[in-house]
Amino acid sequence: MATKTPAVPLSVDTLAPIYKASGDPLRLEILRVLRRDTFGVLELSQLFDMRQSGMSHHLKVMSKAGLLEPQREGNAIFYRRPLNLERDKLADQTIRQIFEMVDQLPLPAHLQQRIDAIRNQRADQSQAFFSRHAEQFREQQELIAAFELYAGPVANLLRQRAKKRKWKTALEIGPGEGAFLPVLAALCSHVVGLDNSRDMLAKATRTCIDEKLNNIDLIEGVTDTLLDRGDAFDLVVANMVLHHVPSPADILLDAAALMNGGGCLVISDLCSHDQEWATENCGDLWLGFEPEELTAWATEAGLTIGESLFIGLRNGFQVQVREFWKSSGGG
C-alpha cells in the first residue's frame, strides 16, 4: 500500500511569500522608509532613483505578501505598512518580526536627505495654498466641516479634564485664524500658537487683539522650532491640522517630545474619505486618516490612548476627536 505524502502545512504556504517578498535589499529599504511615513509610487521612485514601472512591481509583490497596503489619496496610490497585524496569526507575527528587525537598521544618510526633500515639497505645497487663500480660510475649511462641529467637542473634553488637572502651559499646532485660542487661554496661564504660515499668524494675531488675549505667544515655525528651544507643555492641541502636514506621524512624535510628564495631546481630524475635491479646494495633502493610523503613531510615540469621539457630518465626512496621554514618569 502506497504511503500517503503528508500535506504541506498551511503555515509554510503562508510564510513563503512573505520571506520571498522581503528577501531583497531594496524592499527592506522600502519597509524602512515606510516606518512612519506614507509615500506615493512617484515619491518612492524619486527616493530610490528608479523607474516607476520597476517600483510598481516591487510594491505589488510586497502588497500581495501583506508587507504593505495601498491607500488612495486623490488620483494617486500611496503605500504604508499594514495597520492591523493580529498577534495570534503566524503570518502577521512574521511580518511584525521583519518590521522590528528592519527598524533596527540605521537609515542611510542619502535616503534621509531625499525623504526630507519630499517633506519639504509637501510643506511648500501646503504653505503656498494657505498663502493664496488666507482671506478665504474659514470659507475653505467649512466646505468640509464648520469650526463649531469639531471645536465644540474638543473644548468640552478639555474643560472636563481641566476640572481635575491644572494645566499651566498649552500649545496649539496650526491655530489658523486663532478661533480656538480663547478656549486655551481660559484654561492655561501660558499658550503658544505655532504655525508655519505668516499669513495665518497675522490673522491669529488679530484674533488675540480683538479677544484681548494677553497670555498667548504666536510663533512662526514648525515643531522642530520648539524642540530646538527646549519648550515643554502640559497640553498640546491640533485641530484639523494633520491632513495639511507633510508627515502626520512625526507630529505625534514631536508632540510627545514637547509634552511634560502626564501631559495630554488632543487631535481632531478627518477620518479617511474619498472626496478628492478636498485636495484642490481645501489644500489637503491627505484624505483623512484611519483611526488605527493615529493609534499606531501615538503608540510608537510612547503615548497611551484616552477618549475617542466620532462625529458624522451631513456632507459625508466624519471627524475623529482623539485623546492621548504621556505617562507621568516621562518628560
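Quick note: structure is the one above.
What you are looking at is a predicted structure, and each value in this text was computed from that prediction instead of being measured.

Enquirer: So what exactly am I meant to see when it comes to the overall build of the protein here?
Expert: Tallying secondary structure elements over the protein gives 14 helices and ten strands in all. Against the globule reference of 20 Å for 331 residues, the protein gives a C-alpha radius of gyration of 22 Å, in line with a compact fold. Principal-axis analysis of the C-alpha atoms places the extent of the protein at approximately 90 × 45 × 45 Å. Partitioning the intrachain contacts of the protein with sequence separation of at least 6 by distance along the chain shows that 69% fall at a separation of at least 24. Accessible area of the protein: about 16400 Å², with a carbon and sulfur share of 50%. Each charge class in the protein was averaged separately, 35 positive and 44 negative side chains, and the resulting centres sit 5 Å apart.

Enquirer: Is there a simple way to explain helix 5 (residues 90-102) in this structure?
Expert: Since the α-helix turns once every 3.6 residues, residues separated by three or four places project in the same direction. With 13 residues, helix 5 should reach 18 Å at 1.5 Å per residue; the first-to-last C-alpha distance of 18 Å fits that figure. Those residues of helix 5 that fall on the buried side of the exposure criterion are Ala-91, Asp-92, Thr-94, Ile-95, Ile-98, Phe-99 and Val-102. Seen from one end, helix 5 has its buried residues packed into an arc of 160 degrees, which puts them on one side.

Enquirer: Help me understand the side chain of Ser-22, please; the structure alone is not making it clear to me.
Expert: Mapping Ser-22 onto the fold places it in helix 1 (residues 10-22). A polar atom in the side chain of Ser-22 sits 3.3 Å from the backbone oxygen of Tyr-19. If we skip the residues at most four places from it in the chain, Ser-22 touches Leu-28, Leu-67 and Ile-98.

Enquirer: How do you make sense of the sheet that holds strand 2 (residues 69-73) when you look at a structure like this?
Expert: For sheets, the rule is that strands pair by backbone hydrogen bonds, running either parallel or antiparallel. Ordered in space as 1-3-2, the three strands form an open sheet in which the pairing is antiparallel. Each edge of the sheet is formed by a strand with only one pairing partner; in this case those strands are strand 1 (39-40) and strand 2. For strand 1 and strand 3 (residues 76-80), the ladder comprises two bridges, and the chain directions are antiparallel. Each residue of the ladder has a partner; that of Gly-40, found in strand 3, is Phe-78.

Enquirer: What should I look at first to understand the nonpolar core in this one?
Expert: Nonpolar side chains in soluble globular proteins generally cluster together in the buried interior. Ranked by internal contacts, the top residues of the largest apolar core, which has 37 residues, are Leu-158, Trp-167, Phe-180 and Leu-235. Among the secondary structure elements, those contributing two or more residues to this core are helix 8 (147-162), helix 9 (181-187), helix 10 (198-210), strand 7 (233-239), strand 8 (259-270), helix 13 (277-282) and strand 10 (318-326). Examining the composition of this core, we find that eight residues originate from one element, helix 8, more than from any other. Not counting chain neighbours up to four residues away, the residues in contact with Leu-235 comprise Leu-158, Trp-167, Thr-169, Ala-170, Leu-171, Leu-184, Cys-188 and Cys-264. Core analysis: the next-biggest nonpolar cluster, separate from the first, contains 31 residues, Ile-173, Phe-233, Val-241 and Leu-303 among them.

Enquirer: Sorry, what's going on with the sheet that holds strand 5 (residues 190-195) here?
Expert: One open sheet accounts for seven strands, arranged 6-5-4-7-8-10-9; its pairing is mixed. Of all strands in the sheet, those with a lone pairing partner are strand 6 (216-220) and strand 9 (303-312), marking the two edges. Strand-to-strand twist across the sheet, computed as the mean angle between neighbouring axes with direction ignored, equals 15 degrees. Contacts from helix 8 reach strand 7, strand 8, strand 9 and strand 10, with the element oriented near 25 degrees to strand 10. Across the sheet, helix 12 (residues 248-258) touches strand 4 (169-173), strand 7, strand 8, strand 9 and strand 10, and the angle it forms with strand 8 is around 150 degrees.

Reading guide: rules and limits
- Residues numbered from 1 in each chain as written.
- Predicted model: local features only at pLDDT ≥ 70, side-chain atom pairs only at ≥ 80, totals over all residues.
- Heavy atoms only, no water.
- Helix = DSSP H or I, 4+ residues; strand = E, 2+ residues; numbered from the N terminus.
- Rg over C-alpha atoms; globule rule 2.2 N^0.38 Å.
- Contact = heavy atoms within 4.5 Å.
- Areas by Shrake-Rupley, 256 points an atom, 1.4 Å probe, with all protein chains shown as cover.
- Lys, Arg positive; Asp, Glu negative; His and termini not counted.
- Charge placed at Lys NZ, Arg CZ, Asp CG, Glu CD.
- Expected span 1.5 Å × (residues − 1).
- Buried < 20%, exposed > 50% of the residue type's maximum accessible area, 1.4 Å probe, protein only.
- Arc of directions from axis to C-beta.
- Polar contact = N/O pair within 3.5 Å; in protein donor to acceptor, adjacent residues only side chain to side chain.
- Pairing = 2+ DSSP bridges.
- Core = buried A, V, L, I, M, F, W, Y, C linked by side-chain atoms within 4.5 Å.
- Axes fitted to C-alpha atoms, helices over the stretch in contact; angles between N-to-C directions.

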